[in-house]
Each structure stands twice: as structure tokens, then as C-alpha cells.
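# Fold and contact review
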There are 2 protein chains.
Amino acid sequence: MPLFLSTHINKVDKKGRVSVPSGFRAALSDQSFQGVVLFRSNNFACLEGFAYSYMEELGERLDNFDLFSSEQDDLATAIFAEAVQLPLDGDGRIILSPELVEFAALNDKAAFVGLGPKFQIWNPQALDKRRIEARKTVSKSGLTVPKNNKAKAGAHD
Amino acid sequence: MPLFLSTHINKVDKKGRVSVPSGFRAALSDQSFQGVVLFRSNNFACLEGFAYSYMEELGERLDNFDLFSSEQDDLATAIFAEAVQLPLDGDGRIILSPELVEFAALNDKAAFVGLGPKFQIWNPQALDKRRIEARKTVSKSGLTVPKNNKAKAGAHD
DNA sequence: TGTTTTTCCATGATATTCCATAGATATCCA
DNA sequence: TGGATATCTATGGAATATCATGGAAAAACA
């Protein structure tokens, strides 16, 4: 599985082109589709990004839930219907549509934020705020990464 | 699992380069990624270091959360977004970014402190203080090393 | 044919690799 | 045992390669 680490800020030019950080490209290098899948976050003013293979896995996961539950239907609609598949160009760049740029306010710079299995793309200033928030929550509520065998699902919303 | 032992102080040159102690490199020698992952400590003015494989494991564990749960997002933002992956150069050195140098005040020397599965990187003076502090706390509160019964598999020696 | 999209190329900045040296440690052999 | 030699480690500097970025050329489209 590709692992996205660290944060990189790159320029978005007037055509919407932006370089995917080389470390992220390296994480994608063994993928069959050379590019990323993006869609608008449901929780923040940012974009969510994945390797294409991870989207396939996501599909399988959703399949494990109740196929006709409205929750899952909403989620699937929000994710798959929204998702765009962006190939890397010869120089390692992707092109963000005006809609994506506008949604995440990426008029000038885009911060690629590695979150392990996925990544996000933020307006750098908005990211700063988000980071402070996340750190606060983690230390206040004592969140830790659970051990592997007691996988949890559910508790969301 | 690589095991980091002992304390070594090395020079940080003006480009941020610093030799990883040879003992640490030996501990990493059987790893697929020849390098380390660093991030800012949440508790001290020092850097925390791991083998890349440890991050992979964290990534898998994190994958057990709901993909868009706020817990997953907060944790990933606090951990993966902050982490940097640093390869060893041909001479066994890593390059610390200005941000990392500044955070841990590593302008001149860096003390690599082995803590078993992980290690820390300290400003040597700050480390001295920290050690005195730790000793004081231990003797004052009568802290002892707990018995072995909650040891996880694999952690002998 | 005018417009948009994609590919290609140039460049400065940054990062990575390579080489040289010196000190410390270990090894070897008489 | 003792001295000489080799090896490893840490460190500095220089050469080389890569990355991010802007713009132009080529191709696709309407």
C-alpha cells in the first residue's frame, strides 16, 4: 500500500497545474494507474486524495455494509460520484479543475498533506488552523493508534 | 524489529547534515527502506525517530479506523502529516530540514538517544537537563520499572 | 480556424551523490 | 608485546542529478 508522509507546499499555476510532491509520486510508482483520485472532503474545505487501487478497495469495503442503507448510499454518492481521476503528466503534475481549486481555495499554493493511506490537499493557511485543531484534539482526548488486532469500525458521526 | 541503544552525539553541519550513529545504522541494515522517519515530539523539544517499517505498521493500524472519521483524521494529521522520511546518504548521514533543526535547537550538535524500538534526537544541553529532571522525578516519586507481564510478543532482551 | 488541452523543453533552485581527509579503532605480524 | 597497517567513522566540500515551475510548441477538439 502506498504510504503518504509529510507535508509539501507547491505552487498552483494559472492553468491549475500543480506538481505532486516527488515523495508521493514515489509512493505511487508501483501503481498500475500513474495518477491520483481526488474528491471534495465531506468534513473540511480540502480535497481528499488516494491511489486508484485504494479506491477499488474502498468499493469493496462499502460492499460489506448494507447495500441499500441510506447512509452507505449517501457515502457512495459523496465519494464515487464526486471523484475525479487525474493522471500525472510527464513532469509529475496534475491539473486541478476550477471547481476543485475553488472548493479548497487553492488559488496560489496547495499543501499536500500525507495521512498514511490517503492524503489531503489544503490551502496552506487553512491547514495551519486545522493542524492546531488536530493536535489539540489528539492530546486532549488521548487518542492513540489502536493495536492491529482490535480493529474497530462504526463509531462515526 | 530494529533496536536502538545508547547515546551518540554528532555534528550537524550548516546544510543540516548529520551522521546517524553507526550502531543505529546497523540496527536498520535489514530494513527495506534505508533511512529513518522523524517527527516533532509532542512532549519535548526533541525529534522522535523510527524505522520506516514502523510507520507502515502504523499506517495499517490507522486503516482500521473509519476512513473519514474525525479520529482517523486527527491522528493522521498529527502523526503522518508531521513525519518526514529521510534516506541515508552514501556516508550514513541524513539531512535535517531547517524546521526540524529549529524545533529541537540542533544548531551545532545532535544527541541520538536510543530508546529501543524508537530513538530521539536532542540538543545535548537540553538532554542533560531532561535527564536530571527525569532522575529527580524518579527518586522523588519512587517510580520503578513495572513487571514484565504486559510485555508484547517479541520484546525479549 | 479559433480554442482548449496536452506534451515538450528551459531554467534556477534544491537535493543528492561523490570524493577527500582526519581521527579513532581494530587487526595483523614479527 | 609493540609497532605498523588496515578499517571504519565522522565530517567538509565539490560535482552531479533531480525537482518544481513557467512558458512554448504540438495536438486534439469544436
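Below is a short write-up of the structure. Remember, it's a predicted structure, so these values are computed and weren't measured experimentally.

## A look at the interface of chain A and chain B
Each partner contributes residues to the interface: chain A has 41 residues there, and chain B has 32 residues. Carbon and sulfur atoms supply 60% of the area buried between chain A and chain B, which totals about 3200 Å² over both sides. Applying the counting rule to chain A against chain B returns five salt bridges. A salt bridge links D73 of chain B to K118 of chain A; the shortest N-O distance between them is 3.3 Å. At the boundary of chain A with chain B, the tally comes to eleven residue pairs in polar contact (both at pLDDT 80 or more). Contributions of two or more residues to the side of chain A that touches chain B are made by β4 (47-50), α2 (52-64), β7 (109-115), β8 (118-122) and α5 (124-141) of chain A. In terms of residue count, α5 of chain A provides more of the side of chain A that touches chain B than any other element does, six residues in total.

## Things to note about the sheet that holds strand β7 (residues 109-115) of chain B
The pairing of strands in a sheet comes from backbone hydrogen bonds and takes either a parallel or an antiparallel form. Residue and element names in this part refer to chain B. Reading across from one edge, β1-β7-β8-β4-β3-β5 is the order of the six strands in this open sheet, with antiparallel pairing throughout. Whereas interior strands pair on both sides, the edge strands pair on one side only; in this sheet they are β1 (7-11) and β5 (84-87). For this sheet, the mean angle separating the axes of adjacent strands, direction not counted, is 30°. Of the pairings in the sheet, the one linking β1 to β7 comprises five bridges and is antiparallel in character. Its bridge partner being in β7, T7 is matched across the sheet by V113. Sheet strands in contact with helix α2 (residues 52-62) are β3 (35-40), β4 (47-51) and β5, and its direction is about 90° off that of β4.

## Thoughts on the environment of A110 of chain A
All names here are of chain A. With respect to the helices and strands, A110 occurs in strand β7. Each C-alpha atom, one on A110 and one on S139, is 27 Å from the other, the two residues being 29 residues apart in sequence. Those residues within four positions of A110 in sequence are excluded, and the remaining contacts are H8, I9, N10, V12, V18, I121 and W122.

## Some words on the sheet that holds strand β1 (residues 7-11) of chain A
Here six strands make up an open sheet; going across it, the order is β1-β7-β8-β4-β3-β5 (chain A) and the pairing antiparallel. If you trace the sheet from one side to the other, it starts and ends with β1 and β5 (84-87) of chain A, each paired once. Each adjacent strand pair in this sheet contributes to an overall mean axis angle of 30°, direction not counted. In the sheet, strand β3 (residues 35-40) of chain A pairs with β5 of chain A via four bridges, with the strands oriented antiparallel. Looking across to β5 of chain A, one finds that V36 of chain A is bridged to L86 of chain A. In this fold helix α3 (residues 70-79) of chain B packs onto β4, β7 and β8 of chain A, with an angle of close to 105° to the strand it touches most, β7 of chain A.

## Structural notes on the packing of α5 of chain A against α3 of chain B
Helices that pack against each other are described as a pair by the angle of their axes relative to one another and the distance between those axes. In the contact formed by α5 of chain A and α3 of chain B, the axes pass within 8 Å of each other and the chain directions differ by 110°. Judged on the interaxial angle alone, α3 of chain B and α5 of chain A are roughly perpendicular. From α5 of chain A, R130, R131, A134, T137 and V138 of chain A reach across to α3 of chain B, where they touch D73, D74, L75, T77 and A78 of chain B.

Quick notes on the rules
Residues numbered from 1 in each chain as written. Chains lettered and ligands numbered in written order. Predicted model: local features only at pLDDT ≥ 70, side-chain atom pairs only at ≥ 80, totals over all residues. Heavy atoms only, no water. Contact = heavy atoms within 4.5 Å. Buried area = accessible area lost by both parts, 1.4 Å probe. Salt bridge = Lys/Arg side-chain N within 4 Å of Asp/Glu carboxyl O. Polar contact = N/O pair within 3.5 Å; in protein donor to acceptor, adjacent residues only side chain to side chain. Helix = DSSP H or I, 4+ residues; strand = E, 2+ residues; numbered from the N terminus. Pairing = 2+ DSSP bridges. Axes fitted to C-alpha atoms, helices over the stretch in contact; angles between N-to-C directions. Parallel < 35°, antiparallel > 145°, perpendicular 65-115°, else oblique.

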